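Structure at a glance
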Amino acid sequence: MTVRVPAKVNLQLGVGPLRDDGYHDLVNVFHAVSLFDEVTVVPGELSVAVEGASIEGVPATPDNLAGRAARLLAEHLGVEPEVAITIRKEIPVAGGMAGGSADAAAALLACDALWEANLPFATLMELAGTLGSDVPFALLGGTALGLGRGEKLTPLPCSGEFHWVFALADGGLSTPAVYAECDRIRAAHSERVSWPHESPALLAALAEGDAEALGAALANDLQPAALTLRPSLQRTLTAGRDFGALGSLVSGSGPTCAFLAADATHALDLAVALGGVGVARTLVRASGPVPGATLL
Ligand code: C5P
């Protein structure tokens, strides 16, 4: 069984106060884009293999989140987690595009098919939520509003197709470290952290398929923290704006930067221009929204 699963970019990431459980309540507008990992499962002793051009730091052991997903599902079904998992990675590692979460979602769906469990989608979503805050969205795909830790999802109306350029950086950023830096910056400025709200301008731009309005409404509360931990990203973001991106922001906890283009041609021009000034390790183009984890 092989499942293809997309990366995500956060169009709005509103971060509320730190909760007692160590998480933050979010207003998280997820958007699935056409950068995919593929996860294949075959019967065998539980193992995880990882293939791809840039896979440094991805554990090739059952501790990989995809292995944990297989164990969780097996436990739920009362079967042995006898599955050999192969992950073919295209989504940047520790890049703020939920690659690890995507692999976990794909493993859940692939094992559900392999073990002929046919669990209801709602049950898979519940299991996904216990694996990580971004895992349910990787199953759902499209464009969706995530509340709570980001796992309480409502699909959002979205017209047309949006075209993106992603600037991949050398090395990743740790998500907990970026959230902790966000808390530190807020405390240092004695900032009263208010409850985040979804942006009406952003939701209208999505519904109308208005790329220019969407570009103006993109917002990420984690961006100042990611920029403090990786100051070179400021140059990347500035270059995108200088080359005419409709909007630019750090994707999730970074360090990938996302640039919104007017159309496919503009995205190509933008990628070429950004490639010429050496502000990223690699530039990739993708469009969204795309479906969530899909059995091939
Ligand atoms: O849920 P997940 O394991 O992906 O979260 C990774 C880390 O990101 C958490 O341990 C926490 O530090 C941070 N996080 C958070 N608030 C969220 C989601 C994640 O603080 N809503």
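Before reading on, note that the structure itself is shown above.
Here's what I pulled together on the structure shown here. Fair warning: this is a prediction, and the values are worked out from it, not measured in the lab.

Right, let's get into unusual backbone geometry. A cis amide bond links Gly 254 to the next residue, Pro 255, at an omega of 5°. Each neighbour pair has its own omega, and for Gly 288 with Pro 289 the value is 0°, a cis peptide bond. With respect to the helices, strands and loops of the structure, Pro 289 is situated in the loop between β11 (282-288) and β12 (294-295). A positive phi angle, close to 50°, is found at Ala 94, a residue other than glycine. Mapped onto the elements of the fold, Ala 94 is located in the loop between β4 (83-88) and α2 (99-114). In this structure Ala 94 comes out as partly exposed when scored by relative accessible area, which is 43%. With phi around 50°, Glu 116 is a residue other than glycine that occupies positive phi space. Relative to the helices and strands, Glu 116 resides in the loop between α2 and α3 (121-131).

For helix α6 (residues 200-208), the complete set of buried residues consists of Leu 202, Ala 205 and Leu 206. Angularly, the buried residues of α6 cover 100° about the axis, an arc narrow enough to put them on a single face. Along α6, exposed side chains directed more than 90 degrees from the buried face belong to Pro 200 and Glu 208. Along its buried surface, α6 packs onto β1 (2-18), β2 (24-43), β5 (143-147), β7 (162-168) and α7 (211-217). The first or second residue beyond α6 is Gly 209, which carries a positive phi of 65°.

The next point concerns the packing of aromatic side chains. Here the structure, examined in full by the defined rule, presents two aromatic pairs. Aromatic side chains Phe 30 and Phe 137 sit 4.6 Å apart centroid to centroid with 10° between the ring planes, which places their arrangement in the stacked category. With Phe 30 in strand β2 and Phe 137 in helix α4 (residues 135-140), this pair connects stretches of sequence that are 107 residues apart. Phe 30 sits in the buried class, given a relative accessible area of 0%. On the numbers, 6.2 Å between centres and 20° between planes, the contact of Trp 164 with Phe 166 is stacked. Residue Trp 164 is classed as buried on the basis of its relative accessible area, which comes to 0%.

About the cut-offs
Residues numbered from 1 in each chain as written. Predicted model: local features only at pLDDT ≥ 70, side-chain atom pairs only at ≥ 80, totals over all residues. Heavy atoms only, no water. Helix = DSSP H or I, 4+ residues; strand = E, 2+ residues; numbered from the N terminus. Buried < 20%, exposed > 50% of the residue type's maximum accessible area, 1.4 Å probe, protein only. Arc of directions from axis to C-beta. Contact = heavy atoms within 4.5 Å. Phe/Tyr/Trp six-rings, centres within 6.5 Å; stacked < 30°, edge-to-face > 60°.

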